[in-house]
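This is what each chain is made of:
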Amino acid sequence: MTTLPTTSMMDGEMRGERIRIRGVVQGVGFRPTVWRIATELGVAGSVHNDGQGVLIEAWGESGAIEQLLQRVTSELPPLARIDSVERTELSGLCSQSHF
């Protein structure tokens, strides 16, 4: 996975991104926090636990996805800890209208 450069996307442009978060992110209220923030920002997509941590697929305006990631990392539930974040651009169209 590669880190996406944020300077190549203009605000307002719709895009999709897969965000892999590793650390203490399961069983600590992390997914509901992601859902709440995404809903507030109008970002569509999904959030799932798996064997590697949490996987977020987010679709929205470039600026909203950047805000989602910034807020998720700064508004952690008390017992959560992020060790790494990996971002990959998604191609195609989002099939979901909400998170």
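Preceding this paragraph is the structure being described.
The structure displayed is predicted, hence computed values, not measured ones.

Procedures and definitions
- Residues numbered from 1 in each chain as written.
- Predicted model: local features only at pLDDT ≥ 70, side-chain atom pairs only at ≥ 80, totals over all residues.
- Heavy atoms only, no water.
- Helix = DSSP H or I, 4+ residues; strand = E, 2+ residues; numbered from the N terminus.
- Contact = heavy atoms within 4.5 Å.
- Areas by Shrake-Rupley, 256 points an atom, 1.4 Å probe, with all protein chains shown as cover.
- Axes fitted to C-alpha atoms, helices over the stretch in contact; angles between N-to-C directions.
- Left-handed = near helix turned anticlockwise from the far one by under 90°.
- Nonpolar A, V, L, I, M, F, W, Y, C, P; charged D, E, K, R; others polar.

**Details of the overall build of the protein**
A count of helices and strands for the protein gives 2 helices and 4 strands. Of the regular secondary structure in the protein, the N- to C-terminal order runs β-α-β-β-α-β. For the protein, long-range pairs separated by at least 24 residues make up 78% of all intrachain contacts whose partners lie at least 6 apart in sequence. Entry remark: accessible area of the protein is about 5500 Å², with carbon and sulfur atoms responsible for 52%.

**Remarks on the packing of helix 1 (residues 30-41) against helix 2 (residues 62-74)**
Viewed as axis vectors pointing N to C, helix 1 and helix 2 meet at an angle of 145°, and their least axial separation amounts to 10 Å. In this structure, helix 1 meets helix 2 at a crossing whose hand is right-handed. The residues of helix 2 that touch helix 1, namely those facing Phe 30, Val 34, Arg 36, Ile 37, Ala 38, Glu 40 and Leu 41, are Ala 64, Gln 67, Leu 68, Arg 71 and Val 72. Class assignment for the residues of the contact of helix 1 with helix 2 results in 8 nonpolar, 1 polar and 3 charged.

**So, the environment of Asn 49**
With respect to the secondary-structure elements, Asn 49 resides in strand 2 (residues 44-50). Residues Asn 49 and Phe 30, spaced 19 residues apart in sequence, show a C-alpha to C-alpha distance of 9.6 Å. Contacts of Asn 49, omitting those with residues within four sequence positions, involve Val 25, Gln 26, Arg 31 and Val 54.

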